[in-house]
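Listed below, chain by chain, are the residues.
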Amino acid sequence: MKQELLKKFEEVYGSSEGARVYFAPGRVNLIGDHTDYNGGHVFPCALTIGTYVVARKREDKKLQFYSMNYPENGITEGTLGDLKYRRSNGWTNYPIGILWTYARKGYKIHNGFDMMLYGNIPSGAGLGTSASIGVALGLMIREMFGIDDITNTDIALFGQYAENEFHGINCGIMDQFASAMGKKDYAIFLDTSDLRYEYAPIDMSEYALVITNSHKARGAFDAKYNERRMECERALAELQSVIAIHSLGELTPECYEQVKEMIVEPVLVRRAAHAVYENQRTIDAIKALKENDIMKFGQLMIESHKSLKENYEVTGKELDVLVEEALKVPGVIGSRMTGGGFGGCTVSLMKKDAVEMFTIEVGKNYTEKTGYYADFYNVEMGDGARVL
Ligand code: GLA
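The following paragraphs examine the structure supplied in this document. Note that this is a predicted model, so its numbers are computed, not measured.

1. A word on the sheet that holds strand 5 (residues 76-79)
- Spatial strand order, 5-4-6-3-1-13: 6 strands in an open sheet with mixed pairing. The sheet is open, and its two borders are formed by strand 5 and strand 13 (386-387), each paired with just one other strand.
- Set on the sheet, helix 1 (residues 2-13) makes contact with strand 1 (20-29), strand 3 (44-57), strand 4 (62-67) and strand 6 (113-119); between it and strand 6 the angle comes to about 130 degrees.

2. Topic: the sheet that holds strand 2 (residues 41-42)
- Strand order in the open sheet formed by 3 strands is 2-7-8, and the pairing between neighbours is antiparallel. Here the strands that pair on one side only, and so sit at the sheet edges, are strand 2 and strand 8 (196-201).
- Where strand 2 lies against strand 7 (residues 186-191), 2 bridges are found, and the strand directions are antiparallel. By the bridge assignment, Val42 is partnered in strand 7 with Leu190.

3. Some words on the nonpolar core
- One finds Val53, Met115 and Met140 to be the most contacted residues of the largest nonpolar core, which totals 43 residues.
- Per-element accounting of this core gives the leading share, 8 residues, to helix 3 (residues 129-144).
- When residues no more than four places from it in sequence are discounted, the contact partners of Val53 are Arg20, Val21, Tyr22, Met115, Met116, Leu117, Ala136, Leu137 and Met140.

4. Let's talk about the site of the ligand
- Arg27, Asp33, His34, Asp36, Tyr37, Cys171, Gly172, Met174, Asp175, Tyr225, Gly339 and Gly340 make up every residue found near the ligand.
- In the complex, 94% of the free accessible area of the ligand, which totals 300 Å², lies under the protein chains.
- Residue composition of the shell around the ligand, by class: 4 nonpolar, 4 polar and 4 charged.

5. Here's the deal with the side chain of Asp191
- Within the secondary structure, Asp191 sits in strand 7.
- No salt bridge is formed by the buried Asp191; the nearest opposite charge belongs to Arg196, separated by 4.7 Å.
- Within the local environment of Asp191, its side chain forms a polar contact with the side chain of Ser193, the two groups lying 2.7 Å apart.
- When sequence neighbours within four positions are dropped, the list of residues in contact with Asp191 reads Gly39, Gly40, His41 and Arg196.

6. Let's talk about unusual backbone geometry
- One non-glycine residue with positive phi stands out, namely Leu195, at about 60 degrees.
- Among the secondary structure elements, Leu195 is positioned in the loop between strand 7 and strand 8.
- Even without glycine at this site, Asn292 takes up a positive phi of about 60 degrees.
- You can call Asn292 exposed: its relative accessible area is 67%.

7. Some remarks on the packing of helix 4 (residues 152-166) against helix 5 (residues 174-181)
- Across the interface, helix 4 lies against helix 5 with an axial gap of 8 Å and an inter-helix angle of 145 degrees. Crossing of helix 4 against helix 5: the hand is right-handed. Facing Asn152, Thr153, Ala156, Gly159, Gln160 and Glu163 of helix 4, the residues of helix 5 in contact are Gln176, Phe177, Ala180 and Met181.
- Taken together, the residues that form the contact of helix 4 with helix 5 break down as 4 nonpolar, 5 polar and 1 charged.

8. Overview of the side chain of Thr192
- Within the secondary structure, Thr192 is located in the loop between strand 7 and strand 8.
- Overall, the relative accessible area of 12% leaves Thr192 in the buried class.
- Within polar-contact distance, the side chain of Thr192 engages the backbone oxygen of Asp36 at 3.1 Å.
- There is a polar contact of 2.6 Å between the side chain of Thr192 and the backbone oxygen of Gly40.

9. Some remarks on helix 11 (residues 355-370)
- Between its first and last C-alpha, helix 11 extends 22 Å over 16 residues, near the 22 Å set by a 1.5 Å rise per residue.
- The complete set of buried residues in helix 11 reads Val355, Phe358, Val362, Gly363, Asn365, Tyr366 and Thr370.
- Where the residues of helix 11 are buried, they touch strand 9 (207-213), helix 10 (316-328), strand 10 (332-338), strand 11 (345-351) and strand 12 (375-378).

10. A word on the packing of aromatic side chains
- Within the structure shown, the criterion is met by 19 aromatic pairs.
- Arranged with centres 6.3 Å apart and planes meeting at 70 degrees, the rings of Tyr186 and Tyr199 form a pair that is edge-to-face. Highlighted residues: Tyr186 in strand 7 and Tyr199 in strand 8, separated in sequence by 13 residues.
- Within the aromatic cluster, the residues linked to one another by ring pairs are Tyr37, Phe221, Tyr225 and Phe342.
- Just above the ring of Tyr161 sits the side chain of Lys105; from NZ or CZ to the centre is 3.9 Å.
- The residue whose ring lies beneath Arg218 is Phe221, and the NZ or CZ to ring-centre distance is 4.0 Å.

Rules of the game
- Residues numbered from 1 in each chain as written.
- Predicted model: local features only at pLDDT ≥ 70, side-chain atom pairs only at ≥ 80, totals over all residues.
- Heavy atoms only, no water.
- Pairing = 2+ DSSP bridges.
- Helix = DSSP H or I, 4+ residues; strand = E, 2+ residues; numbered from the N terminus.
- Contact = heavy atoms within 4.5 Å.
- Axes fitted to C-alpha atoms, helices over the stretch in contact; angles between N-to-C directions.
- Core = buried A, V, L, I, M, F, W, Y, C linked by side-chain atoms within 4.5 Å.
- Buried < 20%, exposed > 50% of the residue type's maximum accessible area, 1.4 Å probe, protein only.
- Near = heavy atom within 4 Å.
- Areas by Shrake-Rupley, 256 points an atom, 1.4 Å probe, with all protein chains shown as cover.
- Nonpolar A, V, L, I, M, F, W, Y, C, P; charged D, E, K, R; others polar.
- Lys, Arg positive; Asp, Glu negative; His and termini not counted.
- Salt bridge = Lys/Arg side-chain N within 4 Å of Asp/Glu carboxyl O.
- Polar contact = N/O pair within 3.5 Å; in protein donor to acceptor, adjacent residues only side chain to side chain.
- Left-handed = near helix turned anticlockwise from the far one by under 90°.
- Expected span 1.5 Å × (residues − 1).
- Phe/Tyr/Trp six-rings, centres within 6.5 Å; stacked < 30°, edge-to-face > 60°.
- Lys NZ or Arg CZ within 6 Å of the ring centre and 35° of its normal.

What follows is the structure, encoded as structure tokens:
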């Protein structure tokens, strides 16, 4: 892959001298969704698909961008002197946003660069594409300019900062953290309140994890996502009148039950309930995994989906049908939507020998019930961001 990318870079820019190749993966979250911006726990793993960036430093302040995913755009240009978000910039808002973030954090970049991007995460699938772009670019800038006091966790935080402050998407840290810190064959149990984490081995000798792409477009995702986050903030503000907490993630379910009547609007009660119980399920899930209780892990996945459907209302018909159909297949242990929702993918845990039947049955029934086609990918857990 590295050689092919360098060859393509040479074709686009005339030579590949001085160019290096960077990679940052996408992610799938096994359990713990819509908990990361509530100071709760998440349990994602990095994938082997993601974003590749090939780049080399320039002597002047010019920026040149090329995407293999949008070859029709050719090379477009920018300059270090103009790091503003513009809708017309399209995908190049990502490199501009990461440069802008470095500047905001006190790192002055004096040289421009020529860069080429290639992503192989299915588009719109909700598998952490934009996070992987941000992390790959954060890594590129750190390495290209020899900034040595930036850790991979900082790269994740810079990526999130760019999403929040430059793109206006109030996402949490999960996707960027998984992309920057992933480890082959491990998932990451991350406490988003303080970024303490633990790698948990996922033994796939008897079981398989399968991602199912609903191909349902995640229409108006950003607006709906930001709305959920605001609802949680409103619920938190009401609870803070009786209990000294900084986030919903600090509440145990028992404690939440005692104070929940302070929340007036029923819809906010449901949102907060999801945040609190989903956090507990994630903690319970890693415990189950450590005790080798795979059935319990699957049960928690099923409960997680139910709560994302009923309390958080982020699933929609397509993801619900995928989960319902998945659970009918013998050998399937758990299934749930993964990531932000409103379309995108599910992740299902099953016995290895159930995979074939799963793809046939779920594929057929899903199309019959929704009119969409489903795609299936075996989860391969890969390493986090790196220079190739
Ligand atoms: C998106 C966001 C993450 C997280 C998930 C839901 O992927 O980028 O920060 O909130 O949704 O768990």
